[in-house]
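# Chains, contacts and geometry: an overview
Listed below, chain by chain, are the residues.
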Amino acid sequence: MEEQRTPVTMHIYCRVEVLVTDLAAVTGHAIADLRAADIDWSAEEDDLETAVEDLRADVVTALAGVVDISRLSDGVPGVEFRGGLCWAEQGPARDPFRAEQR
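These notes cover the structure that comes with them. What you see is a predicted model; the values in this text were computed from it and never measured.

## Thoughts on the overall build of the chain
Along its length, the chain carries three helices and zero strands. Along the chain direction, N to C, the helices and strands of the chain fall in the order α-α-α. Across the 102 residues of the chain, 12% fall into the buried class. In the chain, the share of contacts with a sequence separation of at least 24, taken over all contacts with a separation of at least 6, comes to 49%.

Below, the structure is given as structure tokens:
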């Protein structure tokens, strides 16, 4: 197979289901990441402790904050992660491509 010389932008769509068995562990991980982040809190609307309390109050937000989709293509030769979108929802799965669920 001949190597392609011009990079091609592609999009990968996926839905991942996880079972959270330890809410405190998820929240603790998210808080540790937040504390380790290089954030200029003077430029933010809230402060570190307010942000920590927000994570403690909402495991969905905490989980979305620690999921690392940039690792999706780790180990795949010739692929460079450029960006993406990740969010978490609680409840039954929904299919945004099916009209009856819109």
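Having seen the structure, we can now continue with the description.
## Observations concerning helix α3 (residues 59–66)
Along α3, the positions that sit buried rather than exposed are V60, A62 and L63. The buried residues of α3 occupy one face: seen down the axis, they fall within an arc of 160°. Where α3 begins, one side-chain oxygen reaches toward the backbone nitrogen of V60, 3.2 Å away; that side chain belongs to D58.

## Concerning the environment of V18
Examined against the element boundaries, V18 turns out to sit in the segment before α1 (23–36). What makes V18 exposed here is its relative accessible area of 52%. With 70 residues separating them along the chain, V18 and A88 place their C-alpha atoms 9.8 Å apart.

## Topic: the packing of α1 against α3
In a pair of packed helices, the angle between the axes and the distance between the axes together describe the arrangement. Packing of α1 against α3 brings their axes to within 9 Å, and their N-to-C directions diverge by 55°. As the angle between them shows, α1 and α3 are arranged oblique. As for how α1 packs across α3, the hand of that crossing is left-handed. Together, L23, V26, T27, H29, A30 and D33 of α1 and V59, A62, L63 and V66 of α3 make up the contact between the two elements. Looking at side-chain class alone, the contact of α1 with α3 contains seven nonpolar, two polar and one charged residues.

## Things to note about a negative patch on the surface
Where like charges cluster on the molecular surface, the negative patch consists of D38, D40, E44 and E45. When you line up the elements, E44 lands in the loop between α1 and α2 (48–57). Classification of E44 by relative accessible area gives partly exposed; the value is 43%.

## Quick look at the packing of α1 against α2
Where α1 meets α2, the closest approach of the two axes is 9 Å, and the angle between their N-to-C directions is 160°. With respect to each other, α1 and α2 are oriented roughly antiparallel. As α1 packs across α2, the resulting crossing turns out to be right-handed. Every residue of α2 that contacts α1 at T27, A30, I31, L34 and R35 is listed here: L48, E49, A51, V52, L55 and R56. Tallied by class, the residues present in the contact of α1 with α2 amount to seven nonpolar, one polar and three charged.

Analysis parameters
Residues numbered from 1 in each chain as written. Predicted model: local features only at pLDDT ≥ 70, side-chain atom pairs only at ≥ 80, totals over all residues. Heavy atoms only, no water. Helix = DSSP H or I, 4+ residues; strand = E, 2+ residues; numbered from the N terminus. Buried < 20%, exposed > 50% of the residue type's maximum accessible area, 1.4 Å probe, protein only. Contact = heavy atoms within 4.5 Å. Arc of directions from axis to C-beta. Polar contact = N/O pair within 3.5 Å; in protein donor to acceptor, adjacent residues only side chain to side chain. Axes fitted to C-alpha atoms, helices over the stretch in contact; angles between N-to-C directions. Parallel < 35°, antiparallel > 145°, perpendicular 65-115°, else oblique. Left-handed = near helix turned anticlockwise from the far one by under 90°. Nonpolar A, V, L, I, M, F, W, Y, C, P; charged D, E, K, R; others polar. Patch = residues over 30% accessible without salt bridge, like charges linked within 9 Å, V, L, I, M, F, W, Y side chains within 5 Å. Areas by Shrake-Rupley, 256 points an atom, 1.4 Å probe, with all protein chains shown as cover. Salt bridge = Lys/Arg side-chain N within 4 Å of Asp/Glu carboxyl O. Lys, Arg positive; Asp, Glu negative; His and termini not counted. Charge placed at Lys NZ, Arg CZ, Asp CG, Glu CD.

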